[in-house]
Structures are given as structure tokens and as C-alpha cells.
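Residue strings, one per chain:
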Amino acid sequence: MEENKRAEKFEAGLIGRVPIIFKLRLVQSSTGKDTTMDHPAIALEDAVVKGDLDLAKRIFSSATAEELDDLFLGYFVPACRLNHPAIVEWLMPLIDNDIGETCAFETACHNDSLEVAELLIDHYDDDNIEDGFGEAAGEGHFRMLHFILAKRPHTDCKRAFTIACSQGRLDVAEYLFDKLPRPLDIGESPMVLACMHNHPEIVKFLINKGTDIPSAVRQLRDSRTPCKLDLEVTNEWFKANSN
């Protein structure tokens, strides 16, 4: 399911280490020697993680191109993830053409790093913006949702609405519902996901908003994912189906 892919992505991909740093740390571990400050690539990585812009600039100015080996893209997402806007702004000119190819904007939205998102938003296309919008919805970051809609008022809210329902974010679902495109067609996914993850308050909300219950029931029945409906949710479903 989509929320599982999101979790895997943030567990495995966002803080990312570039290959040369992996190799250098492996050498450090196997030899027992402290090589951390012996190589500018690792020293620069440490400065980025700490958000120490002055140190990062000093290392950069003293290193050769071969030593850094175009690794700036590998530092970029961690800087966004750790909410270091000064580092992000410094790195941006160094990777200008590749910014939109990274998951940096999603990362900023997921972590509610508003200052970083403000720096990045103009570098991403609508699909990437919707991905970031979905991350903010899933985490319940209202200020990020407001910011994105202010900058990109035509952002499609349907995916973010589905994520909010799957995560049990009732306040976000209520906020986004009125912003969904009309004629309204939210499909069965929000209801199915809310039931699978046992969010009775979302189920009640969707029933009140006129979700196609029989269609959702069929999709839920055909799904191989175990349903975690409790008695309260089940009663709501039967009540809705009896009308």
C-alpha cells in the first residue's frame, strides 16, 4: 500500500550516504584508524549534518575537485531533512540543474521544514509538489499545507486527502475535503484505507460525506490486506448499507 512505500522510502532513502563516504567509513572501521577528518568528503558531510555553514565553506575552499568528486548532491537531502536552510541555500547553486531530481522537497514537507521548502518549491514540477503535499498531509503539518496551497493554488488535493484518511488525520481530511475538485469523486481508497487501519472517526466522516459504501465494501473484500475493523466501525458500515 502507498503508506508502506512512504515509510520504506523515509527509512531507507532520505538521509542517504554517497558511495565514497560508505567506502571511507568502511576503511575507518576495518583499520581501526580515525580517518574522519582525513578526507574532505567526510569532513564536509559532518559539517552539513551539524548545520555548520562556516566549517562547510572552509572545507570546501580547501578541498580539490577530485576529493569532493561532485558529492554535493549527496549532502543536499540530508541538509533538507535536518532543516538546515543556510546549508541548503549554499548548496543549491552547486547542484542547480539536479535539484528537481531529488526528493528534497518531499523531505522538507515530511519534516515540516518550512524555510527549506520555501527555498525549494520553485524548482519542482506539479507531480513533485503533490508528493510533498501528501507528505505534509500524512504528518499533519498544517502550516506546510497552507504554504503549498498559497504558492501553488492549483495543487490537486486528492492524493493528500487519501493519505490523511489512511493515517487517521481527521482534521487534515476535513480541511482538504472542501478543496477537492468538483464534481466530487474521491473513490473508494480513502474509505478502504481508513478501515484497514481502524480509523472509525475517518469512516464516519466519509460516510457522512456520501462515500460509495457498496463499492468500497467490494474493494475491501477483494483486497488481500487484512482488515482491522473494530465493532464500532462495523456497525457504522451496516448502518450505512441498510439505508
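Rules used in this analysis
Residues numbered from 1 in each chain as written. Predicted model: local features only at pLDDT ≥ 70, side-chain atom pairs only at ≥ 80, totals over all residues. Heavy atoms only, no water. Helix = DSSP H or I, 4+ residues; strand = E, 2+ residues; numbered from the N terminus. Buried < 20%, exposed > 50% of the residue type's maximum accessible area, 1.4 Å probe, protein only. Patch = residues over 30% accessible without salt bridge, like charges linked within 9 Å, V, L, I, M, F, W, Y side chains within 5 Å. Areas by Shrake-Rupley, 256 points an atom, 1.4 Å probe, with all protein chains shown as cover. Salt bridge = Lys/Arg side-chain N within 4 Å of Asp/Glu carboxyl O. Lys, Arg positive; Asp, Glu negative; His and termini not counted. Charge placed at Lys NZ, Arg CZ, Asp CG, Glu CD. Phe/Tyr/Trp six-rings, centres within 6.5 Å; stacked < 30°, edge-to-face > 60°. Core = buried A, V, L, I, M, F, W, Y, C linked by side-chain atoms within 4.5 Å. Contact = heavy atoms within 4.5 Å. Axes fitted to C-alpha atoms, helices over the stretch in contact; angles between N-to-C directions. Parallel < 35°, antiparallel > 145°, perpendicular 65-115°, else oblique. Left-handed = near helix turned anticlockwise from the far one by under 90°. Nonpolar A, V, L, I, M, F, W, Y, C, P; charged D, E, K, R; others polar. Disulfide = S-S within 2.5 Å.

Caption draft 1: Molecular detail of the overall build of the protein. Looking only at helices and strands, the protein features 17 helices and 0 strands. Here the protein holds 243 residues, and 47% of them are scored as buried.

Caption draft 2: The arrangement of a negative patch on the surface in detail. On the surface, D96, D98, E101, D125 and D127 cluster together into a negatively charged patch. Note on D96: relative accessible area 42%, which makes it partly exposed.

Caption draft 3: Molecular detail of the packing of aromatic side chains. Counting across every chain of the model gives 6 aromatic pairs. Aromatic side chains F105 and Y124 sit 5.7 Å apart centroid to centroid with 35 degrees between the ring planes, which places their arrangement in the tilted category. With F105 in helix α8 (residues 104-110) and Y124 in the loop between α9 (114-120) and α10 (126-139), the pair connects residues that are 19 residues apart, well separated along the chain. As far as burial versus exposure is concerned, F105 and Y124 are alike and both buried. With centroids separated by 5.5 Å and ring planes inclined at 70 degrees, the aromatic side chains of F142 and Y175 adopt a geometry described as edge-to-face. Of this pair, F142 sits in helix α11 (residues 142-151) while Y175 sits in helix α13 (residues 170-177), and the two are 33 residues apart along the sequence. Given the relative accessible area of 25%, F142 is considered partly exposed.

Caption draft 4: View of the nonpolar core. In this structure, L44, F76, F105, L120 and F161 are the most contacted members of the largest nonpolar core, which totals 63 residues. Top element by residues in this core is helix α6 (residues 72-81). It accounts for 6 residues. Sequence-distant contacts of L44, defined by excluding residues within four places in its chain, comprise A56, I59, L68, F72, Y75 and W90.

Caption draft 5: How the structure looks around the packing of helix α3 (residues 40-50) against α6. For the pair α3 and α6, interaxial distance at closest approach is 10 Å and the crossing angle is 20 degrees. Comparing the axis directions of α3 and α6 gives the class roughly parallel. For the element pair α3 and α6, the recorded crossing hand is right-handed. Here α3 contributes A41, L44, E45 and V48 to the contact with α6, which in turn contributes F72, Y75 and A79. Partitioned by chemical class, the residues of the contact of α3 with α6 number 6 nonpolar, no polar and 1 charged.

Caption draft 6: Focus on the pattern of salt bridges. This structure, assessed with the given rule, holds 4 salt bridges. Across the pair D122 and K151 runs a salt bridge whose closest N-O atoms are separated by 4.0 Å. Here the residue D122 occupies a position in the loop between α9 and α10, and K151 occupies one in helix α11, the gap between them amounting to 29 residues. Residue K151 is classed as partly exposed on the basis of its relative accessible area, which comes to 42%. The salt bridge involving D131 is made with R159; its shortest N-O contact spans 3.5 Å. Here R159 lies in helix α12 (residues 158-166) and D131 lies in helix α10, a separation of 28 residues in the sequence.

Caption draft 7: Representation of the state of the cysteines. In this structure the tally under the stated criterion is 0 disulfides. For C103, which is in no disulfide, the shortest distance to another cysteine sulfur is to C80 and amounts to 8.6 Å. On the basis of relative accessible area, C103 is assigned to the buried category, the value being 18%.

Caption draft 8: Spotlight on α12. With 7 of its 9 residues buried, α12 lies for the most part within the structure. Every buried residue of α12 is accounted for by A160, F161, T162, I163, A164, C165 and S166. One or two steps after α12, the chain reaches G168, where phi turns positive at roughly 75 degrees.

Caption draft 9: Layout of the packing of α10 against α11. Relative to each other, α10 and α11 sit at 155 degrees, their axes nearing to 8 Å. As summarised for this structure, α10 and α11 are arranged roughly antiparallel, according to the angle between their axes. For the crossing formed where α10 meets α11, the hand is left-handed. Listed contacts from α11 to I129, G132, F133, A136 and A137 of α10 are M144, L145, I148 and L149. For the contact of α10 with α11, a count of residues per class yields 8 nonpolar, 1 polar and no charged.

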